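Each chain is listed here by its residues.
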Amino acid sequence: MDNFSLASSTTHYCSTFTSKPYSMSTRTATTIPFYSITTCSHDSENLTTTSSSLRRPTNNRPFKPIANSPVNPHRPKPKTHNTNPLQTLLNPTPKRNPIDNSSQTLTEKLWLTSKLSPPPAPAPAPSPAPDANETDINSYLDSSVDLGSKQSKQIEHREKGKIFVGNLPLWIKKNELTEFFRQFGPIKNVILIKGYNDTERNMGFGFVIYGGATAEKAAMNAVEFDGMEFHGRVITVKLDDGRRMKEKSAERARWIDGDDSVEYKSAWQEERDGSRKELKKVLETQPENWQAVVGAFQKIKKPSRKEFGLMVNYYARRGDMHRARETFESMRARGIEPNSHVFTNLIHAYAVGRDMDEALSCVRKMEDEGIELSLVTYSILVGGFAKIGDVNAAEKWFKEAKETQRTLNAIIYGNIIYAHCQAFNMERAEALVREMEEEGIDATRDIYHMMMDGYTMIKEEDKCLVVFKRLKECGFTPTVITYGCLINLYTKMGKVSKALEVSETMKADGIRHNMKTYSMLINGFIKLKDWANAFAIFEDVVKDGLKPDVVLYNNIITAFCGMGNMDRAIRTVEEMQKLRHKPTSRTFMPIIHGFARAGEAKRALEVFNLMRMCGCIPTVHTYNALILGLVEKRQMDRAVKVLDEMLLAGIGPNEHTYTTIMHGYASLGDTGKAFEYFSKVKNEGLNLDVFTYEALLKACCKAGRMQSALAVTKEMHAKKIPRNTFIYNILIDGWARRGDVWEAADLMQQMKQEGVKPDIRTYTSLVNACCKAGDMLRADKTIKEMEAAGLKPNIKTYTTLIHGWARASLPEKAMKCFEDMKLAGLKPDRAVYHCLMTSLLTRASVAEEYIYSSIQQICAEMIDAGLTVDMGTAVHWARCLRKIERCGGDLTEALQKTFPPDWNSQNTLDEISGVDREHDDDDDDDDELLYESDSDGDIDED
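Here's what I pulled together on the structure shown here. The structure presented is a predicted model; accordingly, all values stated were derived computationally and were not measured.

Each value, and the rule that gives it
Positions within a chain are numbered from 1, following the residues in the order the chain's sequence is written. It should be noted that, the model being predicted, local features are given only for residues of pLDDT at least 70 and side-chain atom pairs only at 80 or more, the latter also being counted only at that level, while totals for whole chains, interfaces and linings use all residues. Side-chain figures throughout are based on the complete set of non-hydrogen atoms in the structure, without hydrogens or water. Strands are runs of DSSP state E lasting at least 2 residues, helices are runs of H or I lasting at least 4, and numbering of each runs from the N terminus. Burial here depends on accessible area, computed with a 1.4 Å probe over protein chains only, as a share of the maximum for the residue type. Under 20% is buried, over 50% is exposed, and the range in between is partly exposed. Should any heavy atoms of two residues lie within 4.5 Å, those residues are counted as being in contact. For every accessible area listed, the method is Shrake-Rupley and the probe measures 1.4 Å; residues are considered covered only by the protein chains on display. The set of buried Ala, Val, Leu, Ile, Met, Phe, Trp, Tyr and Cys residues whose side-chain atoms join them within 4.5 Å is what this entry labels a nonpolar core. The salt bridge criterion pairs a side-chain nitrogen of Lys or Arg with a carboxyl oxygen of Asp or Glu, the two atoms within 4 Å. Stacked, edge-to-face and tilted are the three classes for Phe, Tyr and Trp ring pairs, Trp counted by its six-membered ring, which pair at centre distances within 6.5 Å; planes under 30 degrees apart are stacked, over 60 edge-to-face, the rest tilted. Each ring is checked for a lysine NZ or an arginine CZ that lies within 6 Å of its centre and within 35 degrees of its normal; such an atom marks a charge sitting over the ring. In this scheme, a helix's expected span is set at 1.5 Å multiplied by one less than its residue total. Taking the helix axis as origin, the arc is that swept by the directions to the C-beta atoms. Only strands that DSSP links by at least two bridges are regarded as paired with each other. Every angle, taken between N-to-C directions, lies between 0 and 180 degrees, and every axis is a line fitted to C-alpha atoms, over only the stretch in contact when it is a helix. Residues enter a patch when their relative accessible area is above 30% and they make no salt bridge; the linking distance is 9 Å between like charges and 5 Å between nonpolar side chains (Val, Leu, Ile, Met, Phe, Trp, Tyr). Positive charges come from Lys and Arg alone, negative charges from Asp and Glu alone, with His and the N- and C-terminal ends not counted. Charge placement uses NZ in Lys and CZ in Arg. For Asp and Glu, CG and CD serve respectively.

Some words on the overall build of the protein chain
Helices and strands together make up the secondary structure of the protein chain, namely 46 helices and 9 strands. Classification of the 942 residues of the protein chain by burial places 41% in the buried group. Looking at the protein chain alone, contacts between residues at least 24 apart form 63% of all its contacts between residues at least 6 apart. A total of about 53500 Å² of accessible surface is found on the protein chain, and carbon and sulfur atoms cover 51% of it.

Have a look at this one:
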């Protein structure tokens, strides 16, 4: 009998093993010796300790600190006992104390959870478990028995249904080998081993794998044909001996054993590996040098699916969908079947090239071949449809991704959010951000930028600033893109001063401007027609060492055209060409529009031909710029002629083309022509938007056909096209021309009820209606309402009010408005002087002395400003002077200084011809001066 002393991690016990045979029927049928353990305690208390008491101490005994535990850091004194040679084998690591603090339950760790919801009742005590040492001994003895049975088994490496075929012709093809061996049974696969140096020829041997339930039988039947002639050669056919699987198993065993020996490769393998590494290096270091990338790929003698996938992905990033498709088809021609990764790269190429029809055809091909779409594929599809503005298709693929994929990531959420931001659907974008956060997906910096850009497009300043603040709270550092969104927001809203403040903040944070931010600032100043500051920003670009790109040059050309310096704009185009910047059609658009607007149609056509010579193909936008310039000069015949040339060139007009023509005829009051082109928009299936109806309403109101205008508004309501501020301004202006102040006031109330905010022109049109009706008290009340709404009267508002007081024969009130206008910092123009002088002259014969001094004051101001009146106005004022000073005087002398230079010669002719103008006719001319420029300005809204 052998005695061993075992040591435990908690208390020391002496164990006596008694040899006794035991049959282990539950594990194995082999009878092995069993050693029973009799334990005796050497503790102070003479208590019998069982196996259960080792695992769960009784409650009546005090807790004994664990050696080397945080409670008792002192190491216990070693006890003398017999060494156990099986201790390391049976119990190599100390047992974990079940009362250790690290074994607390989840409820004990999450104390807040236990307070919010009380923990459940404790479970009943488990049945006594066997002793740990006994379990370890049994496991060891069982493993020794199982080890013997496993060693007796021999690993089977041979694949069933697989045969080896040797001594094949070097030119044999896979389909010919398949046709021959198909007679023995269904074939699962045929493998021909290719040559190293010549991939078109094989090595003369291969494998045939049969499939189905009869695979083994078919292989046996095929082996019987060993030694028969096949294409002039006696082939060798035998069952696969599993040599390849044995080599793989041996290699895996060496890897598990930690064998680091390097297996030697042939020169061909080393050369191919070097070519593969060279391709990866070129893709990482020189992605812009496509010639180097293609050359590195062509050096690979036998590219694999991975290399083909890299090339398809490279062309996809460049947007070259045709070369990506060519590489894809070349891979299939070599017998390499594409997987999900390669298909996804090809779909990405079509998405970048905005050809989503071909992308969907690739998706259908994947489904036909049984390849499932991955989350990356869905993300690319959603992003592709987002770029072309098809929100419905993007939403469809996003919902399908949610149904088929277990989890989504921030990339696909960013793509669908971008789609809705571009469609101005910010409510859905906000809902998607909320859904993404509820799924536990953190928003990336790009998603914050998308939301800021979306709010910028709808000019939501408050929400854009909220997103900007939240971005910084989340720990993201603002970049040039972040500040660029804010600069773009303020330039679109016309708050260029705030955009400059953002620019200074960006510089203070150490972030430099790029070309896009500079272009935004220049665009902001161009919209305000602040040419000096626009050119100052351009000088800052040069000082920062940045090279202006095509976009920046286009903005500078637009500034020169806005100033009317057309020659300098053309020289800028020449400078672009010297710097090897290729002008685009957008480069020539402002030049063509500028010449056409100046009435120089010949030079506009010359620039149009110059654009063609530079290789720019005229687009519908280029023709629209030419037509717009002619329309603004009221040259409708030439505009229609350009439209006919456009049709002959095979370029179809869009809704903006016809809307511009409609605006031109609306300015002339030709309602028939406006309705004719409106019918063309309908018949050609173009989009009827609010701008098209705006042009039609403008024609009706200019012609005084208010009932037709009401019919147009009903059609807008039927098509669910909301009326904006411009629509209401046109309607109120139409009723104002007729002097119907009640209809104009009702429209103003309806406008406020619908939540449409009136602007300065709305109030000016209502003031005009009051003045036409002679209700000057209501006109003063409207001015006070406008100031209460935070709007200050502009020069047109004051001119309308002066004209109203003049019509009411109250020149002193008109003079007071004139003084208020100058106190407000506004500079009077020709229309103001015309209205005021006409009013004073008509009352001078019966008015008080101060009117004479007012006339002399106005004449002096007109002379200082260099303003002169036309011949018709001069004749009218001269006839009014005859009623005051028949033989001439101070007023006549002062007033004649504002007449045209050829007044003396023309005056005699006018007296002979009997030119006479009525005061009412002059009033109508004043109306044209007040509102004609506003009507022309509506064209730019398109």
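Looking at the nonpolar core
With 209 residues, the main nonpolar core has Leu381, Trp397, Ile417, Met451, Ile591 and Leu801 as its most contacted residues. For this core, the element with the highest residue contribution is helix α33 (residues 690–702), accounting for 8 residues. Beyond its immediate chain neighbours, meaning those up to four positions away, leucine 801 contacts Val767, Cys771, Met776, Ala779, Asp780, Ile783 and Cys817. Listed in part, the 19 residues of the second largest apolar core include Ile172, Leu192, Val208 and Phe230.

Re the pattern of salt bridges
Counted according to the given criterion, the structure contains 25 salt bridges. Linking arginine 603 and aspartate 567 is a salt bridge whose minimum nitrogen-to-oxygen distance equals 3.5 Å. Of this pair, arginine 603 sits in helix α28 (residues 601–613) while aspartate 567 sits in helix α26 (residues 566–578), and the two are 36 residues apart along the sequence. Relative accessible area serves as the criterion here: at 42%, aspartate 567 is assigned to the partly exposed category. Its salt-bridge partner being glutamate 715, residue lysine 682 comes within 2.9 Å of it at the nearest N-O pair. A residue pair is termed long-range when its members are at least 10 positions apart, and lysine 682 in helix α32 (residues 671–683) and glutamate 715 in helix α34 (residues 706–718) qualify at 33 residues. Via salt bridges that share partners, Arg332, Glu337, Lys365 and Glu369 belong to a single interconnected network.

Points about the packing of aromatic side chains
Under the defined criterion, the tally for this structure stands at 20 aromatic pairs. Ring geometry for phenylalanine 535 versus phenylalanine 560: centroids 4.7 Å apart, planes at 35 degrees, classification tilted. Residue phenylalanine 535 is located in helix α24 (residues 531–543), and its partner phenylalanine 560 is located in helix α25 (residues 550–563); the two are separated by 25 residues in the primary sequence. Of the two residues, phenylalanine 535 and phenylalanine 560, both sit in the buried class. With a centroid separation of 6.1 Å and an interplanar angle of 40 degrees, the aromatic rings of tyrosine 658 and tyrosine 677 are classed as tilted. In this pair, tyrosine 658 is assigned in helix α31 (residues 655–668) and tyrosine 677 in helix α32, connecting sequence segments 19 residues apart. Summarising the burial analysis for this pair, tyrosine 658 and tyrosine 677 share the class buried. Each residue in the set Phe180, Phe181, Phe184, Phe225 and Phe230 is aromatic and connected to the rest through ring pairs, giving one cluster. For lysine 396, the ring lying beneath its charged end belongs to tryptophan 397, and the centroid distance is 4.1 Å. The ring of tryptophan 805 carries the charged tip of lysine 813 above its face, separated from the ring centre by 5.6 Å.

Concerning helix α15 (residues 375–387)
If you check α15, its first and last C-alpha atoms are 18 Å apart, about what 13 residues at 1.5 Å a residue would give, namely 18 Å. Most of α15 is tucked away, with 11 of its 13 residues classed as buried. The set of residues buried in α15 consists of Leu375, Thr377, Tyr378, Ser379, Ile380, Leu381, Val382, Gly383, Gly384, Phe385 and Ala386. Remark: glycine 389 follows α15 within two positions and exhibits a positive phi of approximately 80 degrees.

A word on helix α12 (residues 321–333)
Between its first and last C-alpha atoms α12 spans 18 Å; for 13 residues at 1.5 Å apiece the expected length is 18 Å, and the two agree. Along α12, the positions that sit buried rather than exposed are Met321, Ala324, Thr327, Phe328 and Met331. Looking straight down α12, one finds its buried side chains confined to an arc of 125 degrees; they lie on one side. Seen from the buried face of α12, the exposed residues on the opposite side, beyond 90 degrees, are His322, Glu326 and Ala333.

Describing the sheet that holds strand β4 (residues 162–166)
The strand order across the open sheet formed by 4 strands is β5-β6-β4-β9, and the pairing between neighbours is antiparallel. Pairing within the sheet leaves two strands with one partner each, and these edge strands are β5 (187–194) and β9 (236–239). Each neighbouring strand pair of the sheet contributes to a mean axis angle of 20 degrees, computed without reference to strand direction. Inspection of the sheet shows β5 paired to strand β6 (residues 202–210) by 6 bridges, in the antiparallel sense. When the bridges of β6 are listed, isoleucine 187 appears paired with tyrosine 210. Set on the sheet, helix α6 (residues 174–181) makes contact with β4, β5, β6 and β9; between it and β5 the angle comes to about 135 degrees. Along the sheet, helix α7 (residues 215–223) makes contact with β4, β6 and β9, crossing β9 at roughly 145 degrees.

Quick word on the environment of arginine 705
Locating arginine 705 in the fold gives a position in the loop between α33 and α34. Measuring from C-alpha to C-alpha, the distance between arginine 705 and glycine 734 comes to 8.6 Å, with 29 residues separating the pair along the chain. Setting aside residues no more than four positions away along its own chain, arginine 705 makes contact with Thr671 and Cys700.

Considering a negative patch on the surface
A contiguous patch of negative charge on the surface is contributed by Glu437, Glu438, Glu439 and Asp442. Relative accessible area serves as the criterion here: at 65%, glutamate 438 is assigned to the exposed category.

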